[in-house]
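A structural walkthrough
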Amino acid sequence: KAGVTQTPRYLIKTRGQQVTLSCSPISGHRSVSWYQQTPGQGLQFLFEYFSETQRNKGNFPGRFSGRQFSNSRSEMNVSTLELGDSALYLCASSLTGTHNEQFFGPGTRLTVL
Amino acid sequence: AQSVTQLDSQVPVFEEAPVELRCNYSSSVSVYLFWYVQYPNQGLQLLLKYLSGSTLVKGINGFEAEFNKSQTSFHLRKPSVHISDTAEYFCAVSGKAAGNKLTFGGGTRVLVKP
């Protein structure tokens, strides 16, 4: 069974640009969560999508948004990039319920110059 | 709001020696607890989780953790480490009302020396 895949793996952008990251969950998983990992702030929850609806949201500004498609694939968008948005963005998928094991992808490393 | 504290940012340990990684959480409601491992340039992998039941939880790769409600702790242990256990370890908590949202500790970097 294929694991969680994230594309692209590496990305370089400049301040003010916007970026879209993609996550394909494990087949059959309907929940997709996004996390930001930085050396200073550690791992922080961004949001969770379940059946195309945002089910939970962390404390990030509105520049961070996401969506989920009918095939459970999810995208995350960051607009008006800032230097502080440089991070590893991790996607995790899990089965239908809550507190099921979350399976993490390898992440997308975003660098903002 | 929930918070998780991992008391040690780095733990050096010799191969075949035991290791304990400490984790304390703060929450006023019932919680679920997890330990994840992250190898360089990879995502996180679940080692073990506590949802309910026995307070001693056994996970993969010989790791185990004990849930202590009175001390709000969930320390991770392994009796004998291998070089391949060199990685960063994260303790995480989610509340029953928080769905799949995980709150992570700051991580503990384990360096196993030969």
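First, a word on what this report is: a plain description of the structure on this page.

Definitions and cut-offs
Residues numbered from 1 in each chain as written. Chains lettered and ligands numbered in written order. Predicted model: local features only at pLDDT ≥ 70, side-chain atom pairs only at ≥ 80, totals over all residues. Heavy atoms only, no water. Helix = DSSP H or I, 4+ residues; strand = E, 2+ residues; numbered from the N terminus. Rg over C-alpha atoms; globule rule 2.2 N^0.38 Å. Buried < 20%, exposed > 50% of the residue type's maximum accessible area, 1.4 Å probe, protein only. Contact = heavy atoms within 4.5 Å. Lys, Arg positive; Asp, Glu negative; His and termini not counted. Charge placed at Lys NZ, Arg CZ, Asp CG, Glu CD. 1 Å grid on protein atoms, 1.4 Å probe; cavity = no way out; pocket = protein on both sides within 12 Å on 5 of 7 lines; lining within 4 Å. Points joined across faces, edges and corners; volume = space filled by probe spheres on them. Nonpolar A, V, L, I, M, F, W, Y, C, P; charged D, E, K, R; others polar. Disulfide = S-S within 2.5 Å. Buried area = accessible area lost by both parts, 1.4 Å probe. Salt bridge = Lys/Arg side-chain N within 4 Å of Asp/Glu carboxyl O. Polar contact = N/O pair within 3.5 Å; in protein donor to acceptor, adjacent residues only side chain to side chain.

In this section: the overall build of chain A. Counting its secondary structure elements, chain A contains 0 helices and 11 strands. Scanning chain A from its N terminus toward the C terminus, one meets helices and strands in the order β-β-β-β-β-β-β-β-β-β-β. The globule rule puts the C-alpha radius of gyration for 113 residues at 13 Å, and the 13 Å found for chain A is close to it. With respect to the three principal axes, the spread of C-alpha positions in chain A is 35 × 25 × 25 Å. Looking at chain A residue by residue over its 113 residues, the buried ones come to 50%. Partitioning the intrachain contacts of chain A with sequence separation of at least 6 by distance along the chain shows that 54% fall at a separation of at least 24. Once the 11 positive and 6 negative side-chain charges of chain A are each reduced to a mean point, those two points are 4 Å apart.

Approximately 570 Å³ is the volume found for the largest pocket. Gln37 and Arg109 of chain A together with Gln38, Glu88 and Arg109 of chain B are, among the 24 residues lining the largest pocket, the residues nearest its centre. Those elements that place two or more of their residues in the lining of the largest pocket are strand E4 (31–38) of chain A together with strand E10 (87–95) and strand E12 (108–113) of chain B. For the lining of the largest pocket, the residue count by class is 10 nonpolar, 10 polar and 4 charged. There is about 340 Å³ of room inside the second largest pocket. Considering the residues around the second largest pocket, the lining is formed by 17 residues, among which Gln44, Phe45 and Asn59 of chain A together with Lys101 and Thr103 of chain B are closest to the centre. Contributions of two or more residues to the lining of the second largest pocket are made by strand E5 (42–50) of chain A together with strand E11 (103–104) of chain B. The element contributing the most residues to the lining of the second largest pocket is E5 of chain A, with 4 residues. Of the residues contributing to the lining of the second largest pocket, the split by class is 7 nonpolar, 9 polar and 1 charged.

With that out of the way, let us pick up unusual backbone geometry. Residue threonine 7 of chain A is joined to proline 8 of chain A through a cis peptide bond whose omega torsion reads -10°. Relative to the helices and strands, proline 8 of chain A is located in the loop between strand E1 (5–7) and strand E2 (10–13). For glutamate 52 of chain A, which is not glycine, the phi torsion reads 70° and is therefore positive. Within the secondary structure, glutamate 52 of chain A sits in the loop between E5 and strand E6 (53–57). The phi dihedral of asparagine 61 of chain B is positive, around 60°, even though this residue is not glycine. The residue asparagine 61 of chain B is located in the loop between strand E7 (56–58) and strand E8 (64–68) in this model.

Residue and element names in this part refer to chain B. In total, this model carries 2 disulfides over all chains according to the counting rule given. Through a disulfide, cysteine 23 is tied to cysteine 91; the S-S separation comes to 2.0 Å. Residues cysteine 23 and cysteine 91 share a disulfide whose torsion about the S-S bond is about -65°; that sign makes it left-handed. Of this pair, cysteine 23 sits in strand E4 (residues 23–26) while cysteine 91 sits in strand E10; the two residues are 68 residues apart in sequence, bridging distant segments of the chain. The same class applies to cysteine 23 as to cysteine 91, namely buried.

Glancing now at the interface of chain B and chain A. With 20 residues of chain B in contact, the opposing surface of chain A contributes 22 residues. Across the chain B to chain A interface the summed buried area is about 1,700 Å²; carbon plus sulfur atoms make up 52%. Our enumeration of links across chain B and chain A arrives at 0 salt bridges. On the surface where chain B and chain A come into contact, there are 2 residue pairs in polar contact (both at pLDDT 80 or more). Put simply, the parts of the chain that give the side of chain B that touches chain A at least two residues each are strand E5 (31–38), strand E6 (44–50) and E10 of chain B. Grouping the constituent residues of the side of chain B that touches chain A by class yields 9 nonpolar, 8 polar and 3 charged.

Mapping serine 30 of chain B onto the fold places it in the loop between E4 and E5. We classify serine 30 of chain B as partly exposed; its relative accessible area is 40%.

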